[in-house]
Amino acid sequence: MIGWQPKVVSLLLLSFLGLARCKKVKKKVDEPSKDIVEVLDDAKVKASVEVESVPVPLKEFGDTADTTFVRLADYSHDFVYDMRYATTNNFLKEKVYDCAECYVRTKTAKALIVVNQEFMKKGVRIKFFDCYRPNSVQHKMWKILPNPQYVANPVKGSIHNKGGAIDITLVDSTGIELDMGTEFDFFGKKAHHDFMDLPETVLANRKLLKETMEANGFWGIRTEWWHYNLSAGSNDRVADFTWDCPVETE
Ligand SMILES: [Zn+2]
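Residues numbered from 1 in each chain as written. Predicted model: local features only at pLDDT ≥ 70, side-chain atom pairs only at ≥ 80, totals over all residues.

J.: Can you walk me through the overall build of the protein in this structure?
T.: On a plain count of helices and strands, the protein comes out with 6 helices and 7 strands. Ordered by position from the N terminus, the helices and strands of the protein form the series α-α-β-β-β-α-β-α-α-β-α-β-β. Across the 250 residues in the protein, those meeting the buried criterion constitute 23%. (Helix = DSSP H or I, 4+ residues; strand = E, 2+ residues; numbered from the N terminus. Buried ≥ 20, exposed ≤ 12 C-beta atoms within 10 Å, placed from the backbone.)

See the structure below:
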């Protein structure tokens, strides 16, 4: 009895260890570690992002006339858009565009692409708040706020209605807006180019925007740091070209 007992014990012990080892191996095969699951999920997410972000091929200007209205996003993927008047997030608190699009005349588009390349060399790029504004939209705005201090009278129109003006700011490589001291459409002295009681970084950001725009055929207006006119666009006619909006499927 005494002779075989340790043998049984060691056999039992060996089989237990063997089972434990098997169990360990089995677990490794059947249940992939959390790391593997995460890697797979990451790959899946990456693949879907890549599918969604395949860029639409760009159009070329070819022999398009300088005064033809074009959709800027068809000619460059390098701009950022936040078309405020297509939302209620603007000083009128009303949506005056049916959909968010940035159209300008061809010569304005060409000049914007050139100046944006300049900005991109410095690690920033243009973000739009407003572009060409059809005269019918100007009428809508005037109806909401008939005050020439804030809205151009649609009878005379403005360079926005001519397709030569844009409202812009700059964003960094992560899409964060540079601090310009006030919000877009802040009406007050703080938004004026000659208001200097601002932090150094704000003054430097405004200077970068103004100097680069002015060196590339645009001019600013004293009271709005965000507004720029194409110098070659002042003599064009006020227009009422409008664009088609995607049909809502809901
Ligand atoms: Zn403007």
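J.: Please clarify how the pairing of strand E4 (residues 125-130) should be interpreted in this entry.
T.: For strand E2 (residues 80-81) and E4, the ladder comprises 2 bridges, and the chain directions are parallel. Across the sheet, the residue bridging to Tyr81 is Phe128, located in E4. When E4 meets strand E5 (residues 165-171), the two strands line up antiparallel, connected through 5 bridges. By the bridge assignment for E5, Phe128 is matched with Ile168. (Pairing = 2+ DSSP bridges.)

J.: Would you mind going over helix H6 (residues 200-214) with me for this structure?
T.: Side chains that are three or four residues apart share a direction in an α-helix, a result of its 3.6 residues per turn. Taking 1.5 Å per residue as the helical rise, H6 with its 15 residues ought to reach 21 Å, and the 21 Å between its terminal C-alpha atoms agrees with that figure. Restricting attention to buried positions, one finds in H6 the residues Asn205, Arg206, Leu209 and Met213. One side of H6 carries all its buried residues, which in axial view fall inside an arc of 95°. In H6, those exposed residues whose orientation departs by more than 90 degrees from the buried face are Glu200, Lys207 and Glu211. Residues of H6 that are buried make contact with helix H3 (106-121), E5, strand E6 (218-221) and strand E7 (224-230). (Expected span 1.5 Å × (residues − 1). Arc of directions from axis to C-beta. Contact = placed C-beta atoms within 7 Å.)

J.: Can you walk me through the environment of Ile168 in this structure?
T.: Mapping Ile168 onto the fold places it in strand E5. Non-local contacts of Ile168, meaning those with residues more than four positions away in its chain, are made with Ile126, Lys127, Phe128, Phe129, Trp226 and Tyr228.

J.: Could you clarify how one ought to interpret the nonpolar core in this entry?
T.: Within soluble globular proteins, side chains that are nonpolar tend to cluster in buried spots. Counting residues in hydrophobic clusters, the biggest one holds 31 residues, and the most contacted among them are Leu72, Val104, Leu112, Phe128, Cys131, Ile166 and Ile168. With 5 residues, H3 is the largest single contributor of residues to this core. With residues near it in sequence (within four places) discarded, Phe128 still touches Phe79, Tyr81, Asp82, Met83, Cys102, Ile166, Asp167 and Ile168. (Core = buried A, V, L, I, M, F, W, Y, C linked by C-beta atoms within 7 Å.)

J.: Help me understand the sheet that holds E6 in this model?
T.: Within a sheet, adjacent strands bond to each other through the backbone by hydrogen bonds, running parallel or antiparallel. Taken in spatial order, the 5 strands of this open sheet run E2-E4-E5-E7-E6, and their pairing is mixed. With partners counted over all chains shown, the strands left at the sheet margins are E2 and E6, one partner each. Against the sheet, H3 contacts E4, E5, E6 and E7, and its axis sits at roughly 140° relative to E4. Sheet contacts for H6: E5, E6 and E7; angle to E6, the most-contacted strand, approximately 135°. (Axes fitted to C-alpha atoms, helices over the stretch in contact; angles between N-to-C directions.)

That's the geometry; what it means functionally is another story.
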